[in-house]
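# Fold and contact review
What follows is the residue order along each chain.
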Amino acid sequence: MKAYIYIENDVFFTAQCFGSEGTFFGELVFNTSMTGYQEIISDPSYAGQFIVFCMPEIGIVGTNDDDNESKEVFTSGIFIRELSKQYSNFRAKQSLDEYLKKHNKIGVYGVDTRYLVKMVRDKGNLNCVVSTEFSSKEKLKELLNSSKKIDEINWVERVSTKLVYKHNQGVWDSAKKGFKESKKSAKKLAVLDYGVKTNILNELVDVGFEVSVYPHNTKAEDLIELYDKKEIDAIFLSNGPGEPKTLKEEIKELKKLIEKKIPMLGICLGHQLLSNAFGYETYKMKFGQHGANHPVLNQENKKIEITAQNHNYNVPEEICEVAIITHRNLFGDNVEGLRYKSYPIISVQHHPESSSGPHESKYIFKEFMSLL
């Protein structure tokens, strides 16, 4: 079946589609990862975005039941050059086509993805509509112009858990072909779920935390009460989608947690929300950083780590007034990691759980445990 694509810079073209049919809206971003497409697609931080894969052939290893980063898929859809309709992997349960159908998402293939990547690189992130229902350029343009932009939607509200739950699963054990069991721990961690990835929770369990996951709108007073009663020892601020500055209530509650000097670790959106809570407003990057091959300089030991990234926003340089910059991204020289000067708080922009990606930054979870 054909898909009809209209992009806000007046580019219109047709391509083949797979997965679900319908009309889908989102912001175009490109991902440079060579592997891990299932983890990327199921990452809640891609809510409201179309992922353009730089890897030319996608689908070869199918999909399975264990590599999802979330129970639902929140990305608007994916663009790929070649779709591998046959898959081969001992862990695979279904094809990528079946996977997208299951989650009601669209895939577009037979596309010159290099052209799209260059367009986004030059023009910045662009809004887009993909449809199997409407073929008219003018109709698609009308639909796109009347749709809400990604920055106008509270995606965190949509991806966050509604109920508190415990996470007991550790990291994947390739030797046993299963997930490790949780360890006994004296340290209890409250995770504020802004769109947390499953593998982040797995890593937190693996270093010894007893993990409980809370909704994004949990009141600071409730967490402070748990902290005072020694029912939690620290708080983790998760990754997530969308514009951090629009999360005014979350930032307001974070300020109270900061004042209490509760130990905290923030990753990605959590890192950005901390910056806003300290009074240093985040800014939108031209086309963001998305991939599993981004070099980051650890300022403290002068080693370069290859990291996984997925963000459109970043914290300003002025943050150095209240925090030590511990990491820098070598693609853009932007701030990648912080240790706050007068608070037991650390944060990083990249994804140390590296799912998918290299494992060079996983020490950050152990570092956070050591902080306690």
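Above this text sits the structure in question.
A brief structural summary.

Reading the values: the criteria
Residues numbered from 1 in each chain as written. Predicted model: local features only at pLDDT ≥ 70, side-chain atom pairs only at ≥ 80, totals over all residues. Heavy atoms only, no water. Axes fitted to C-alpha atoms, helices over the stretch in contact; angles between N-to-C directions. Helix = DSSP H or I, 4+ residues; strand = E, 2+ residues; numbered from the N terminus. Parallel < 35°, antiparallel > 145°, perpendicular 65-115°, else oblique. Left-handed = near helix turned anticlockwise from the far one by under 90°. Contact = heavy atoms within 4.5 Å. Nonpolar A, V, L, I, M, F, W, Y, C, P; charged D, E, K, R; others polar. 1 Å grid on protein atoms, 1.4 Å probe; cavity = no way out; pocket = protein on both sides within 12 Å on 5 of 7 lines; lining within 4 Å. Points joined across faces, edges and corners; volume = space filled by probe spheres on them. Pairing = 2+ DSSP bridges.

## Quick look at the packing of helix H7 (residues 220-228) against helix H8 (residues 248-259)
- Where H7 meets H8, the axes come as close as 9 Å, and the angle between the chain directions of the two elements is 25°. In terms of orientation, H7 lies roughly parallel with respect to H8. For the pair H7 and H8, the sense of crossing is right-handed. Two secondary-structure elements touch here, H7 through Ala-220, Glu-221, Leu-223 and Ile-224 and H8 through Glu-253, Lys-256 and Leu-257.
- Counted by class, the contact of H7 with H8 contains four nonpolar, no polar and three charged residues.

## Some words on the environment of Leu-237
- Counting through the fold element by element, Leu-237 comes out in strand E15 (residues 234-237).
- Not counting chain neighbours up to four residues away, the residues in contact with Leu-237 comprise Leu-192, Tyr-194, Leu-254, Met-264, Leu-265, Gly-266, Ile-267, Gly-270 and Leu-274.

## Focus: the packing of H8 against helix H9 (residues 269-277)
- Between H8 and H9, the least distance of the axes is 9 Å, while the angle of their chain directions is 80°. On the basis of the axis angle, H8 is roughly perpendicular to H9. Contact residues: H8 offers Ile-251, Leu-254, Lys-255 and Ile-258, while H9 offers Leu-273, Leu-274, Asn-276 and Ala-277.
- Broken down by class, the residue content of the contact of H8 with H9 amounts to six nonpolar, one polar and one charged.

## Regarding the layout of surface pockets
- Volume-wise, the largest pocket comes out at about 720 Å³.
- Breaking the lining of the largest pocket down by element, the ones donating at least two residues are helix H1 (37-41), strand E5 (57-58), strand E11 (169-173) and helix H6 (198-206).
- The residue inventory of the lining of the largest pocket, partitioned by class, reads 11 nonpolar, 18 polar and eight charged.
- By volume, the second largest pocket amounts to about 600 Å³.
- Along the walls of the second largest pocket sit 30 residues, with Glu-69, Ser-70, Lys-71, Glu-72 and Thr-198 positioned nearest its centre.

## A short note on the sheet that holds strand E3 (residues 23-31)
- The mixed closed barrel is built from seven strands, whose spatial order is E1-E2-E8-E6-E4-E3-E9. Within the sheet, the average angular offset between the axes of one strand and its neighbour, ignoring direction, is 35°.
- In the sheet, E3 pairs with strand E4 (residues 49-53) via five bridges, with the strands oriented parallel. Note that in E4 the partner of Asn-31 across the bridge is Phe-53.

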